[in-house]
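Topology and contacts: notes
Take a look at the letters that make up each chain.
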Amino acid sequence: MTGPRTVIIGAGVVGAALADELSARGWTDVTVVDQGDLPATGGSSSHAPGLVFQTNGSRTMTQMARYTVEKFVRLRHEGRSCFLQVGGLEVATTAERLAELHRRHGWVTAWGVDARLVDPDECVRLYPLLDRDRVLGGLFVPTDGLAKALWAVEAQIELAKARGVRFLARHEVLDIRAEAGRVAGVVTDRGELPADVVVCCAGIWGPKVAALAGMNLPLTPLAHQLAWTGPVPGLEGQAEEAVRPILRHQDADLYYRDRYDRLGIGYYGHRPLPLDARDLLPVDEAEVMPSVLTFTPDDFAPAWEETRSLLPATAEAKVEEGINGVFSFTPDGLPLLGESPGLSGFWVAEAVWVTHSAGVGRAMAEWLVDGYCSSFDLHECDVNRFEEFQRSPAYVLERDCQNYVEVYDVLHPLQPMESPRPLRTSPFYARQQELGAFFLEATGWERPQWYDANRALLPGRDIPRPGPWAARYWSPVVGAEALATREGVAMYDMTALKRITVTGPGATAFLQRLTTADVDKSVGSVSYCLLLDVDGGIRSDVTVARLDAEHYQVGANGNLDLDWFRRHLPADGSVQVGDLTPGTCCIGLWGPAAREVLGPLADADLTNDGLKYFRARRLHVGHVPVTALRLSYVGELGWELYTTADLGLRLWDTIWRAGRDHGIIAAGRGAFVSLRLEKGYRSFGADMTFEHDPYEAGLGFAVKLDKGDFIGRDALLRRKESQTRRLTCLTIDDPADTVVGKEPVLVDGRPVGYVTSAAYGYTIGKGIAYAWLPAELAVPGQGVQIRYFDRRVPATVTPEPLFDPKMTRLRS
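A short tour of the structure in this document, coming up. Remember, predicted model here, so these are calculated numbers, not experimental data.

What follows is about unusual backbone geometry. Backbone geometry follows two general trends: most residues other than glycine have a negative phi, and most peptide bonds adopt the trans configuration. For the bond running from Leu38 to Pro39, omega is 0°, close enough to zero to count as cis. By the element assignment, Pro39 lies in the loop between strand 2 (30–33) and strand 3 (51–52). The omega torsion across Glu800 and Pro801 is -5°, close enough to zero to call that bond cis. Along the polypeptide, Pro801 turns up in the loop between strand 42 (791–797) and helix 18 (808–811). Positioned with a positive phi, Ala351 is a non-glycine residue whose angle comes to about 55°.

Following this line, the structure appears as structure tokens:
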């Protein structure tokens, strides 16, 4: 037996996949426990209908689904494949859905999965039961199909067993034992299993099991309706289980699958039916199994009516059986993967559907064995991504139920949640409301996208209008605010920015180890840095301001950065890390006239000699103590001004009054994004993620290889010598063709990359899109096309930055 003593809790499709993947990588001292029988444990895997649609707006989720398909096709159960590759067809019955299928086709093409759009006749040829008059078109993915979930579970169990993994059925987990902050064992009703690593793959029981380890898991089990018809006329004698594609009718929240001469019908259109994981019945007390509840025909009635309209042959059939099957939802609809922040060695792989199960098994195995995941970018899936308020029971329940309702909805990338709001408001919120702010939401914060008060800026400005999709959550005021920032001065609410404090005698050495830049500089220095993983991939980009010899303020991207810092704290207590965000606020004051506004208010020299670019100083603005950082994400002279929340409103009012004579405006996030793209500033999570390294992302300047060792340095040296792709600036001439992100980039009709961030550049008068392209194509002047819905938008590789390349405005 090799590897640490590992216990996997849950032998469903995720636990079995993880056991297989771990043992294939040499970890064989693995025990898998489940309260149920094997392979049908009674969890969600045991009743899952098995439909695998790979198309997803998340590149990671599509990649994990693709791996699941590829693995299940290879897996054999009694000589038969564990995957019926019948293809997947999504149909549109409305113009809006047809446009959405074009967008989805862009996603799946960008992520490297073969797919094609089909007309109504082709839809009917692929799925003859369809009413031709109802269908406007479809999206067909030939490699989609039906996963035989229990076959896959059993096949992966057998593979793992052959390598020495133990599987223990009928072992209920009662407790997680810990010693000195580290997991030590799993207590079951049949005794204790010593453990160095525990992975919770308990599915709908996840919150209950995680709670034994002191972990609050933001997951809600919800019941979902699945019905089976009797024989359907026209399908008589069908000898194979499935011959037609799996079918989605998302306009009505429905999906369909074959079962010989009958159909399975899944329905998301009913009211949410949440459960508490603690209320799930024990295996032996459930009538069928714990994850199967009594079917509620009244909830299903609209689904059956619509089915008989879309598939006329079913009008003569009957619904013969049905279940309300329980499975997992999370506040953002993504899995929960990673290690507990409070108990070392306790990991979770939760809220994973059959579609992504093998991919998650591989991701977790790589993470555990190698210390990082090399196959998938997991930043969206890390369980530690949530803020504390996002783990409150009321928030989790409300968001999980809403995500159930919206699972098939057409959602715009800027579309905010409607409830619960407002949750987090900056001290400037009342003033922003007075100015007619149009608010979107960011990590719970109410964040202005634009201000209606600035409509007065529109006369005399030619603000081009984007196409209908990009024009959602947009106003011409966005363009006016961007131009006014370049011409005068604007205030931006930057409170949603994560702020971390790092203090103590070991603070400098700690940050030198974690970041790529040299932060051991004079007090007042500000450094742009990257956080890397051990494989040289970018975990985040941050700014580090040295406020005192042993005191740093870090501008970060989110809770994952805070979690990363805490996990690397030295054991000797020489470093303290804290979250400043809730008790502080920030105004970005930017524009050519920024110094004229702030200079007379400050008790410090704000001339270029007095406070240089990328320097920090503590000062007072009127009566308000402020930490001022001279940097700008919009490419203009100015400062980020931080103060405590209690004085935030006073700071806003002080600057606003002083700025009236200079034409000051408040500007929103829409203008901000346009301006930052004109300057070529990257946004972590969109432009670069865990899978990218600094050099291919155009951020090599932030890496100081001569400063000494830091996390990821050795791997980065190797990656630097084999660059095959580049984050590349594209420009688009026609403003109506402004794209929004995640579209495929084509050369000679062939997909070669994908868009990350995009907006219209109001200063330069062109659309801007950043995209990952092969290095040989990332050459200025190279023509490409961006597939945007049903059009191909011409774009050109263009040198960056597009605005002020000599940085004269920032440094003035």
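With that settled, consider helix 7 (residues 297–310). Taking 1.5 Å per residue as the helical rise, helix 7 with its 14 residues ought to reach 20 Å, and the 19 Å between its terminal C-alpha atoms agrees with that figure. Listed in full, the buried residues belonging to helix 7 are Asp299, Phe300, Ala303, Trp304, Glu306, Thr307 and Leu310. The inward-facing, buried residues of helix 7 abut strand 16 (220–229), strand 17 (246–249), strand 18 (254–259), strand 19 (262–267) and strand 21 (319–329).

A separate point is the packing of aromatic side chains. Scanning all chains against the criterion turns up 30 aromatic pairs. Arranged with centres 5.4 Å apart and planes meeting at 55°, the rings of Tyr268 and Tyr404 form a pair that is tilted. Of this pair, Tyr268 sits in the loop between strand 19 and strand 20 (292–294) while Tyr404 sits in helix 9 (residues 393–405), and the two are 136 residues apart along the sequence. An aromatic cluster of at least three residues, connected via ring pairs, comprises Tyr255, Tyr268, Phe327, Phe329, Trp353, Tyr404 and Tyr408. The ring of Trp228 carries Arg259 above its face, with NZ or CZ at 3.9 Å from the centroid. The ring centre of Phe803 lies 3.8 Å from the NZ or CZ of Arg486, which sits over that ring.

Within the fold, His692 resides in the loop between helix 16 (669–678) and helix 17 (713–720). At a separation of 3.0 Å, a polar atom in the side chain of His692 contacts the main-chain amide nitrogen of Thr689. In this structure His692 touches Gly536, Gly537, Ile538, Asp687, Arg719, Arg725, Tyr754 and Trp772, once residues within four positions along its chain are discounted.

We now examine the sheet that holds strand 13 (residues 182–188). Strand order in the open sheet formed by 3 strands is 12-13-14, with antiparallel pairing between adjacent strands. Either end of the sheet is taken by a strand with one partner, and the two such strands are strand 12 (173–179) and strand 14 (191–194). This sheet shows a mean twist of 25° between the axes of neighbouring strands, independent of strand direction. Where strand 12 lies against strand 13, 6 bridges are found, and the strand directions are antiparallel. Bridging from a neighbouring strand, Glu179 pairs with Arg182 of strand 13.

Successive side chains on a regular strand alternate, one facing one side of the sheet and the next facing the other. With 10 of its 12 residues buried, strand 39 (residues 750–761) lies for the most part within the structure. In terms of strand pairing, strand 38 (residues 744–747) meets strand 39 through 4 bridges, oriented antiparallel. Within strand 39, the position partnered with Val747 by the bridge is Arg750. Here strand 38 hands over to strand 39 after 2 residues, with Asp748 in that stretch at a positive phi of 55°. Taking the residues that link successive antiparallel strands as the turn, the strand 39-strand 40 (residues 766–774) hairpin has 4 residues, and the phi of Gly765 there is positive, at about 75°.

Turning next to the nonpolar core. Of all hydrophobic cores here, the largest spans 50 residues; its most connected members are Leu18, Phe72, Val199, Leu337 and Met364. Elements with a minimum of two residues in this core: helix 1 (13–24), strand 2, helix 2 (59–74), helix 5 (149–162), strand 15 (197–200), strand 23 (346–350) and helix 8 (357–370). Beyond its immediate sequence surroundings of up to four residues, Met364 is in contact with Leu18, Val199, Leu337, Gly338, Trp347, Val348 and Ala349. Val183, Ala195, Val198 and Leu273 belong to the second largest nonpolar core, which has 32 residues in total.

Applying the stated rule across the entire model yields 59 salt bridges. Ionic pairing is found between Arg385 and Asp332, a salt bridge with its closest N-O pair at 2.8 Å. Of this pair, Arg385 sits in the loop between helix 8 and helix 9 while Asp332 sits in the loop between strand 21 and strand 22 (336–339); the two residues are 53 residues apart in sequence, bridging distant segments of the chain. Its salt-bridge partner being Arg618, residue Asp548 comes within 3.1 Å of it at the nearest N-O pair. With a gap of 70 residues between them, Asp548 in strand 29 (residues 538–548) and Arg618 in strand 33 (residues 616–621) connect regions that are remote in the sequence. What you see here is one network of salt bridges that share partners, running through Asp20, Glu21, Arg25, Lys71, Arg163, Arg362 and Glu366.

Strands sit in the order 11-2-1-15-23-22 across an open sheet of 6 strands; the sheet is mixed. Pairing within the sheet leaves two strands with one partner each, and these edge strands are strand 11 (166–168) and strand 22. For this sheet the average axis-to-axis angle between neighbouring strands, irrespective of direction, equals 15°. For strand 1 (residues 6–9) and strand 2, the ladder comprises 4 bridges, and the chain directions are parallel. What sits directly across from Ile9, in strand 2, is Val33. Along the sheet, helix 1 makes contact with strand 1, strand 2, strand 11, strand 15 and strand 23, crossing strand 1 at roughly 155°.

Let's shift gears to the environment of Pro4. Tracing the sequence through the fold places Pro4 in the segment before strand 1. Take Pro4: its relative accessible area is 23%, and that puts it in the partly exposed class. Remark: the alpha-carbon pair of Pro4 and Leu458, spanning 454 residues in sequence, is separated by 65 Å.

Moving on: the packing of helix 11 (residues 476–487) against helix 16. Helix 16 packs onto helix 11 with a crossing angle of 55° between their chain directions and a minimal axis gap of 8 Å. By the angle between their axes, helix 11 is oblique relative to helix 16. As for the relative orientation of helix 11 and helix 16, their crossing is right-handed in sense. Listed contacts from helix 16 to Val478, Glu481, Ala482, Thr485 and Arg486 of helix 11 are Gly670, Ala671, Leu675 and Glu678.

Cut-offs used in this document
Residues numbered from 1 in each chain as written. Predicted model: local features only at pLDDT ≥ 70, side-chain atom pairs only at ≥ 80, totals over all residues. Heavy atoms only, no water. Helix = DSSP H or I, 4+ residues; strand = E, 2+ residues; numbered from the N terminus. Expected span 1.5 Å × (residues − 1). Buried < 20%, exposed > 50% of the residue type's maximum accessible area, 1.4 Å probe, protein only. Contact = heavy atoms within 4.5 Å. Phe/Tyr/Trp six-rings, centres within 6.5 Å; stacked < 30°, edge-to-face > 60°. Lys NZ or Arg CZ within 6 Å of the ring centre and 35° of its normal. Polar contact = N/O pair within 3.5 Å; in protein donor to acceptor, adjacent residues only side chain to side chain. Pairing = 2+ DSSP bridges. Axes fitted to C-alpha atoms, helices over the stretch in contact; angles between N-to-C directions. Core = buried A, V, L, I, M, F, W, Y, C linked by side-chain atoms within 4.5 Å. Salt bridge = Lys/Arg side-chain N within 4 Å of Asp/Glu carboxyl O. Parallel < 35°, antiparallel > 145°, perpendicular 65-115°, else oblique. Left-handed = near helix turned anticlockwise from the far one by under 90°.

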